[in-house]
Amino acid sequence: MADPKTNGSSSRAAAASACPTCGKPTVHQFRPFCSKRCADVDLHRWFSGRYAIPVKQDEDADGAPPETPAPALGDDSDKR
């Protein structure tokens, strides 16, 4: 029988109630964060590129290998 104090929640739910930015307990209004400041810090990290979702670029959407970019016009790096 589940403990009525925990209402059947697990330790995973307890771990999920910590703010991912600072570790303080979350506030319902700003979930999963504890404050607007921590939410804004996290958003800035996404915008600045600190967080990134890894992408495998072996193939294009149609299954073809990706094209190599052409050299920029006026690029004299290969002329010597």
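Attention in this report is confined to the structure presented alongside it. (Residues numbered from 1 in each chain as written. Predicted model: local features only at pLDDT ≥ 70, side-chain atom pairs only at ≥ 80, totals over all residues. Heavy atoms only, no water.)

Here's the deal with the overall build of the protein chain
Along the protein chain, the regular secondary structure elements total two helices and zero strands. The burial tally for the protein chain puts 8% of its 80 residues in the buried class. A separation threshold of at least 6 residues defines the contact pool for the protein chain, and within that pool the share at least 24 residues apart is 2%. As presented, the protein chain carries roughly 7,500 Å² of accessible surface, and 55% of it is formed by carbon and sulfur atoms. (Helix = DSSP H or I, 4+ residues; strand = E, 2+ residues; numbered from the N terminus. Buried < 20%, exposed > 50% of the residue type's maximum accessible area, 1.4 Å probe, protein only. Contact = heavy atoms within 4.5 Å. Areas by Shrake-Rupley, 256 points an atom, 1.4 Å probe, with all protein chains shown as cover.)

Topic: the packing of aromatic side chains
Under the definition given, this model contains one aromatic pair. Measuring from ring centre to ring centre gives 5.1 Å for W46 and Y51, while their planes differ by 70 degrees; the resulting arrangement is edge-to-face. (Phe/Tyr/Trp six-rings, centres within 6.5 Å; stacked < 30°, edge-to-face > 60°.)

Some remarks on a nonpolar patch on the surface
On the surface, L43, W46, F47, Y51 and I53 cluster together to form a nonpolar patch covering roughly 570 Å² of accessible area. With respect to the helices and strands, the residue F47 is situated in helix α2 (residues 36–48). (Patch = residues over 30% accessible without salt bridge, like charges linked within 9 Å, V, L, I, M, F, W, Y side chains within 5 Å. Salt bridge = Lys/Arg side-chain N within 4 Å of Asp/Glu carboxyl O.)

Considerations on the pattern of salt bridges
Under the defined criterion, the tally for this structure stands at one salt bridge. As a salt-bridge pair, K36 and D40 come within 3.1 Å of each other at their nearest N and O atoms. Linking K36 with D40, this pair stays in helix α2, spanning four residues, or about one helical turn. With a relative accessible area of 36%, D40 lands in the partly exposed category.

Focus: the side chain of R45
For R45, the position within the fold is in helix α2. Buried charged residue R45 carries no salt bridge. Nearest counter-charge: D42, at 5.4 Å. Polar side-chain contacts of R45 include one of 3.4 Å to the side chain of Y51. Setting aside anything within four residues of it in sequence, one finds R45 in contact with T21, R50 and Y51. (Lys, Arg positive; Asp, Glu negative; His and termini not counted. Polar contact = N/O pair within 3.5 Å; in protein donor to acceptor, adjacent residues only side chain to side chain.)

Some points on α2
Taking 1.5 Å per residue, 13 residues should reach 18 Å; α2 reaches 18 Å between its end C-alpha atoms and fits that length. Looking at α2, one finds that the buried residues are C38, D42 and R45. Mapping the buried residues of α2 onto a view down its axis gives an arc of 55 degrees, with all of them on the same face. Across from the buried face of α2, at angles greater than 90 degrees, the exposed residues are R37, H44 and F47. G49 lies just past α2 and shows a positive phi near 90 degrees. (Expected span 1.5 Å × (residues − 1). Arc of directions from axis to C-beta.)

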